[in-house]
Amino acid sequence: MALLTEQDVLNIRFKRPTSVETGYDEDEVDFFLDEVAETIRELTVARDDAENRAKIAEARASQVGEPAQPEVAAPDQAASTASFGNQASAQQAGTSAAAVLQMAQETYEQLVARGQSESDQLVGEAKAKSAKIVSDAEAQSNRTLANLEQERGLVERKISELRDFERDYRTRLKSYLESLLGNVEAGAQEPEQNN
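Residues numbered from 1 in each chain as written. Predicted model: local features only at pLDDT ≥ 70, side-chain atom pairs only at ≥ 80, totals over all residues. Heavy atoms only, no water.

**Quick notes on the confidence of the model for the chain**
Counted only if it meets this: A score between 0 and 100, pLDDT records how confident the predictor is in each residue. Each helix is a run of DSSP H or I of at least 4 residues and each strand a run of E of at least 2, with the numbering of both proceeding from the N terminus. In this analysis, two residues are considered to be in contact whenever any of their non-hydrogen atoms come within 4.5 Å of each other.
Residues with a pLDDT of 70 or more make up 77% of the chain, whose mean pLDDT is 79. Mean pLDDT in the chain bottoms out at helix α1 (residues 6-11), which sits at 74, and peaks at helix α2 (residues 26-65), which reaches 85. Confidence over residues 68-85 falls short of pLDDT 50; this stretch has one contact with residues more than four positions distant or in other chains.

Below, the structure written as structure tokens:
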């Protein structure tokens, strides 16, 4: 798996959720977070490897940089000049090794700092993106709830209007039926009075 770059994290776009209740595709988000974790793990391994190499280089340099104590030659020995030459050569090698060690240490510190910075940046960006996703989801949820509340108010008002209409209609129907019944009763009584 290739390491993620800053642009990969900044440009990630998840599929829009079909509804607020379902949210973003959990598998897609999990896959991306796995990639972020893998990148952090690889950077951590690289940092640890650089630390180990720096420690090994430091140990080697300390071995090379610490010349063995030469035996003090008697002034009348002919080898004193050769001993001095070997000692100067060892000191040069020690100085060179110390410079290499210093350069390795600086490189190591730069790599560790850069790795830590990238790791912190990736984690920070992931947290910011996560917070934005949660914030967007909450805002969408609030808008949906407000719309539902508004629709509920409209439906309740319609129900109230329909109940009023039903009550008025029943009252008018009852009056109409009573008047018809009254007409029927009045019509039935008239023929009896004629007899």
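**With respect to the side chain of Glu125**
Under the convention used in this document: Any residue under 20% of the maximum accessible area for its type is buried, any over 50% is exposed, and the rest in between are partly exposed; the area is computed with a 1.4 Å probe on protein chains only. Two residue types count as positive, namely Lys and Arg, and two as negative, namely Asp and Glu; His and chain ends fall outside the count. The salt bridge definition used is simple: a Lys or Arg side-chain nitrogen within 4 Å of an Asp or Glu carboxyl oxygen.
Of note, Glu125 is situated in helix α3 (residues 80-194). Comment: no salt bridge for buried Glu125; closest opposite-charge side chain is Lys129, at 9.3 Å.

**Remarks on the packing of aromatic side chains**
We count it as follows: A pair of aromatic rings is counted whenever rings of Phe, Tyr or Trp (Trp by its six-membered ring) have centres within 6.5 Å, and the orientation is called stacked for planes under 30 degrees apart, edge-to-face for over 60 and tilted otherwise.
Inspection of every chain in the model, using the stated rule, returns one aromatic pair. Considering the side-chain rings of Phe165 and Tyr169, the 6.0 Å spacing of their centres and the 20° angle between planes classify their relative orientation as stacked. In this pair, Phe165 and Tyr169 are both assigned in helix α3, four residues apart and thus about one turn of the helix distant. By relative accessible area, which is 49% here, Phe165 ends up partly exposed. We classify Tyr169 as partly exposed; its relative accessible area is 45%.

**Comments concerning the pattern of salt bridges**
Inspection of the entire model under this criterion finds ten salt bridges. Note that Asp136 and Lys132 form a salt bridge whose closest N and O atoms lie 3.0 Å from each other. Placement of the pair is Asp136 and Lys132 together in helix α3, with a separation of four residues, close to one helical turn. Of the residues examined, Asp136 reaches a relative accessible area of 33% and is grouped as partly exposed. Residue classification places Lys132 among the exposed positions, given a relative accessible area of 52%. Ionic pairing is found between Arg152 and Glu156, a salt bridge with its closest N-O pair at 3.2 Å. Residue Arg152 and its partner Glu156 are both found in helix α3; the two are separated by four residues, about one turn of the helix.

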